[in-house]
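Listed below are the residues making up each chain.
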Amino acid sequence: MQETFNTLIDSYINDKVGITDNFLSEVLTSHLISNLKLLYAEKQLISAGIGNEKVTVKDASVRGDKIYWLDRSHNDPYENEFLDLMDQFVSHLNSTCYTGITGYEFHYTLYEKGSFYKKHLDQFRNNGSRQYSMIMYLNANWQEGDGGELCIHQNGNMRKIAPTNGRSVFFKSSELEHEVLVTHKPRMSITGWLKIN
């Protein structure tokens, strides 16, 4: 995995947005997709909020995704395999880039058809613990025209990244404003933050 980790890190160093298309294996991606679809069918996902950890407001005119937090206490083998992989990545990132990451948080994310997330930063104004944002896409057979691109605002430009299956994106939480454009079919991912607690 070190080669994949390095691809993500090197592309981040080059232009502040790391991208790799094989961070998650096809097998793990397939299991995570199945998990997310089952959670959605069982109505386990909750509408995501906006604000900070003390005051959260749910406003579909700004943010329309539904989420479910990953946790080892669920004893799900595929969640745990994903979290094991994140442990490896954090260890590699800390040893090669001296980032000092001490923790992370991740959730499944599902945008229903017609939903979006307007431009925002990932770091709370009153809490700088989120250092890096990571998104891993779980969208088999995503096609141009399906919408749902991640749009990163950088140096006066807009960079659109398609949420294709297995793709991972990595950037500094406090630096880059970004948005999720309107999706024309259900759009799935695991989204989270590497943190200094």
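Everything that follows concerns the structure shown earlier in this document.
In short, a report on the structure.

What counts and how
- Residues numbered from 1 in each chain as written.
- Predicted model: local features only at pLDDT ≥ 70, side-chain atom pairs only at ≥ 80, totals over all residues.
- Heavy atoms only, no water.
- Helix = DSSP H or I, 4+ residues; strand = E, 2+ residues; numbered from the N terminus.
- Rg over C-alpha atoms; globule rule 2.2 N^0.38 Å.
- Buried < 20%, exposed > 50% of the residue type's maximum accessible area, 1.4 Å probe, protein only.
- Expected span 1.5 Å × (residues − 1).
- Polar contact = N/O pair within 3.5 Å; in protein donor to acceptor, adjacent residues only side chain to side chain.
- Pairing = 2+ DSSP bridges.
- Axes fitted to C-alpha atoms, helices over the stretch in contact; angles between N-to-C directions.
- Salt bridge = Lys/Arg side-chain N within 4 Å of Asp/Glu carboxyl O.
- Core = buried A, V, L, I, M, F, W, Y, C linked by side-chain atoms within 4.5 Å.
- Contact = heavy atoms within 4.5 Å.
- Phe/Tyr/Trp six-rings, centres within 6.5 Å; stacked < 30°, edge-to-face > 60°.
- Lys NZ or Arg CZ within 6 Å of the ring centre and 35° of its normal.

1. A short note on the overall build of the protein chain
Phase 1 of the analysis: If you tally the helices and strands in the protein chain, you get three helices and 13 strands.
Phase 2 of the analysis: Compactness check: the protein chain gives a C-alpha radius of gyration of 16 Å against a globular reference of 16 Å for 197 residues, within 12% of the reference.
Phase 3 of the analysis: Expressed as lengths along the three principal axes of its C-alpha atoms, the size of the protein chain is roughly 40 × 40 × 35 Å.
Phase 4 of the analysis: Considering the protein chain as a whole, with its 197 residues, one finds that 49% of them fall into the buried category.

2. A few points about helix α3 (residues 77-97)
Phase 1 of the analysis: An ideal rise of 1.5 Å per residue puts 30 Å on 21 residues; α3 measures up with 30 Å between its terminal C-alpha atoms.
Phase 2 of the analysis: Restricting attention to buried positions, one finds in α3 the residues Glu79, Asn80, Phe82, Leu83, Leu85, Met86, Phe89, Val90, His92 and Leu93.
Phase 3 of the analysis: If you check the start of α3, you find a side-chain oxygen 2.9 Å away from the backbone N of tyrosine 78, and it comes from aspartate 76.

3. Considering the sheet that holds strand β7 (residues 117-120)
Phase 1 of the analysis: If you walk across this open sheet you meet the four strands as β7-β12-β9-β10, and the pairing is antiparallel. One side of each edge strand has no neighbouring strand; the edge strands of this open sheet are β7 and β10 (157-161). Within this sheet the neighbouring strands show an average axis-to-axis angle of 15 degrees, counted without direction.
Phase 2 of the analysis: Bridging between β7 and strand β12 (residues 177-180) involves two bridges; their strand directions are antiparallel. Its bridge partner being in β12, histidine 120 is matched across the sheet by histidine 178.

4. A look at the pattern of salt bridges
Phase 1 of the analysis: A full pass over the atoms with the stated rule returns 10 salt bridges.
Phase 2 of the analysis: Put simply, arginine 72 and aspartate 84 hold a salt bridge, and the shortest N to O gap is 3.0 Å. Of this pair, arginine 72 sits in the loop between β5 (65-69) and α3 while aspartate 84 sits in helix α3, placing them 12 residues apart in sequence.
Phase 3 of the analysis: Here aspartate 87 and arginine 72 are joined by a salt bridge, their closest N and O atoms 2.9 Å apart. Of this pair, aspartate 87 sits in helix α3 while arginine 72 sits in the loop between β5 and α3; the two residues are 15 residues apart in sequence, bridging distant segments of the chain.
Phase 4 of the analysis: Residue classification places aspartate 87 among the partly exposed residues on the basis of a relative accessible area of 36%.
Phase 5 of the analysis: Of the residues examined, arginine 72 reaches a relative accessible area of 33% and is grouped as partly exposed.
Phase 6 of the analysis: Each member of the salt-bridge network shares a partner with another, and the members are Arg72, Asp84 and Asp87.

5. So, the nonpolar core
Nonpolar side chains in soluble globular proteins tend to end up buried together.
Phase 1 of the analysis: Ranked by internal contacts, the top residues of the largest apolar core, which has 33 residues, are Phe23, Phe82, Phe89, Met134 and Leu194.
Phase 2 of the analysis: For this core, the secondary-structure elements that each account for two or more residues are α1 (2-15), α2 (26-41), α3, β6 (103-111), β8 (130-137) and β13 (187-195).
Phase 3 of the analysis: Ignoring any residue separated from it by four or fewer positions in sequence, one finds methionine 134 in contact with Leu8, Phe23, Met86, Phe89, Phe106, Val169, Phe170, Ile190, Thr191, Gly192 and Leu194.
Phase 4 of the analysis: Among the nonpolar cores identified, the runner-up in size contains nine residues, and Val17, Ile152, Ile161 and Val169 belong to it.

6. Topic: unusual backbone geometry
Phase 1 of the analysis: Phi is positive for lysine 16, close to 70 degrees, though the residue is something other than glycine.
Phase 2 of the analysis: Tracing the backbone through its elements, the reader meets lysine 16 in the loop between α1 and β1 (18-20).
Phase 3 of the analysis: Exposure remark for lysine 16: the relative accessible area of 42% places this residue in the partly exposed category.
Phase 4 of the analysis: Of note, asparagine 155 is a non-glycine position whose phi angle comes to about 55 degrees, a positive value.
Phase 5 of the analysis: Position of asparagine 155 relative to the elements: it lies in the loop between β9 (150-154) and β10.

7. Some remarks on the packing of aromatic side chains
Phase 1 of the analysis: As enumerated under the stated definition, the model contains 11 aromatic pairs in all.
Phase 2 of the analysis: Between tyrosine 12 and phenylalanine 170 the ring centres are 5.4 Å apart and the planes differ by 75 degrees, which places this aromatic pair in the edge-to-face class. One end of the pair, tyrosine 12, is in helix α1; the other, phenylalanine 170, is in strand β11 (residues 168-172), with 158 residues separating them in the sequence.
Phase 3 of the analysis: With centroids separated by 6.4 Å and ring planes inclined at 35 degrees, the aromatic side chains of tyrosine 68 and tyrosine 108 adopt a geometry described as tilted. Of the two residues, tyrosine 68 sits in strand β5 while tyrosine 108 sits in strand β6, which places them 40 residues apart along the sequence. For the residue pair tyrosine 68 and tyrosine 108, the accessibility class agrees, reading buried in each case.
Phase 4 of the analysis: An aromatic cluster of three or more residues is present, and its members are Phe5, Tyr12, Phe23, Phe89, Tyr132 and Phe170.
Phase 5 of the analysis: The ring of tryptophan 193 is capped by arginine 130, whose NZ or CZ atom sits 3.6 Å from the centre of that ring.
Phase 6 of the analysis: Residue placement shows lysine 172 over the ring face of tyrosine 132; its charged tip is 5.3 Å from the ring centre.

Everything listed here is a matter of geometry and, on its own, says nothing about what the molecule does.
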